[in-house]
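Tertiary structure, described
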Amino acid sequence: MDFNGNNKTQFLFILGTTRCGKKLIKCMLDEHPDILVWPEEFPYFTYFKETAGKRKEALISDLNKRIINTILPKAKFNYNTDHPITEKIFLGNLDVNLFIQKLQVNQTNQITPINYLYYLLDAFHNAHAKYKDKKVKYYAILCPGQGFDWSNNNILKESKFIFPFRNNIESYQSTREKRFNKFNGLYGYFSPIKKNGALYWMYLFSYLSDRVKENLHRDNFYILPLKELQTNASQTIEKLCKFLSIKNNDSLTKLTILGLKYQGNLQEKKLRQGVIISRSSNYSIPLFTYEKYIFNNMNLFDNTSNKIHVRQIHGMLNIFKSAFISSFYEIPINKIYLKKQFGNFKYFLIRSVIFLKFIIIYFFIRFKIFSNIVFFNNLYILAAKKKLYIQNVDR
């Protein structure tokens, strides 16, 4: 298939920041008759670039190998089976074996990123029990915003985009709640050099906010505020259907993946009910004065007003004051290290180090030091499948 605008199936990319409702939107669309949804978050352009390297095309067999190594283990995990590839394995509505067979046609050919994405989704379409004999209007892919090819004007022009948007600092707080345990506490999470630590996510909000500002003028780019979906689901769904030119359908109020009921990934387990919930999870750690200060000093897009948040520049005294208050008074002692306990003097030293980390983070954000490191030599870092990948950009 060629990406020439004549294909009746259009790409629909669900983009966004971290913890903003992307997966919620994907699961809402999963059973709509006009939309075929790829089942998992898929940093496709990162996958392709890692396979192709500096080349503009990649071998289909090499790309297939990466896809099969993702789909098949998931099927075996979900169904707790050691079935060999020759036996029937279904992942929800997906016939995994048929999907692999479809992928293995023309494996010796070289292919471009867009043509392989069509090739992949066409195979997925023909192996999907519910959709294989039906035409669909969209191929929907949930792609992390940092893993999308924002430099490809052809994709930006010919596809449609849903950008779920949540208040930036709420999204950041949700991310911190989910991830700080992996750092054994906030001491590690606030380290400026840690992968997936506070600085990475703060910068990611800045990076994706800039991409939104660049594309907000496009008619095919739709900002979907998460708060509106939570508080007025019916009206928000109606607006979404109008943007996509599809009929409102009862399936849009239920969450599924490949037709299987999905409870949701809210951090409060009692809220995981497989439907749109009117609020987000509550968090065990409140936002600190320092974190609020940092976000107030960033020029981020504000979806509540469709305007850019005007940065509030304060004197150095306020910087040190907010960092001092948060590091010495606000951070709970039991959240600094989750598995260790120390004496008072050791905690004083640890809090002093956190204070210094806060100051370093501020200067990295304020003077875009992190930006210069990440974008050095026309490279930028992408997060994909819990790893960091590098992809060329033309900026």
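Please read these numbers as outputs of a predicted model, since none were measured by experiment.

Before going further, it helps to examine the side chain of Asn220. Relative to the helices and strands, Asn220 is located in the loop between helix H9 (198–215) and strand S9 (221–225). For Asn220, the side chain forms a polar contact with the main-chain oxygen of Lys157, separated by 3.5 Å. Excluding its chain neighbours within four sequence positions, the residues that come into contact with Asn220 are Leu156, Lys157, Ser159, Lys160, Phe161 and Phe243.

Relative orientation of the contacting elements helix H4 (residues 96–103) and helix H5 (residues 113–126) amounts to 145°, with a least axis distance of 8 Å. As H4 runs across H5, the sense of the crossing is right-handed. Contacts between H4 and H5 involve Leu98, Phe99, Lys102 and Leu103 on the former and, on the latter, Tyr116, Tyr119, Leu120, Ala123, Phe124 and Asn126.

Summarising the model, the protein shows a mean pLDDT of 84, and 84% of its residues fall at 70 or more. Low pLDDT, under 50, characterises residues 79–83; the stretch is placed with nine contacts to residues that sit more than four places away or in other chains. Low confidence marks residues 372–395, where pLDDT is under 50. Its contacts with residues over four positions away, or in another chain, come to 56 contacts.

Quick look at H4 now. Where H4 is concerned, the buried positions are Val96, Asn97, Phe99, Ile100 and Leu103. Each buried residue of H4 sits inside an arc of 160° when the element is viewed along its axis, so together they form one side. Looking at where H4 begins, the residue whose side-chain oxygen comes 3.3 Å from the main-chain nitrogen of Asn97 is Asp95.

Reading the values: rules and limits
- Residues numbered from 1 in each chain as written.
- Predicted model: local features only at pLDDT ≥ 70, side-chain atom pairs only at ≥ 80, totals over all residues.
- Heavy atoms only, no water.
- Helix = DSSP H or I, 4+ residues; strand = E, 2+ residues; numbered from the N terminus.
- Polar contact = N/O pair within 3.5 Å; in protein donor to acceptor, adjacent residues only side chain to side chain.
- Contact = heavy atoms within 4.5 Å.
- Axes fitted to C-alpha atoms, helices over the stretch in contact; angles between N-to-C directions.
- Left-handed = near helix turned anticlockwise from the far one by under 90°.
- pLDDT = per-residue confidence, 0-100.
- Buried < 20%, exposed > 50% of the residue type's maximum accessible area, 1.4 Å probe, protein only.
- Arc of directions from axis to C-beta.

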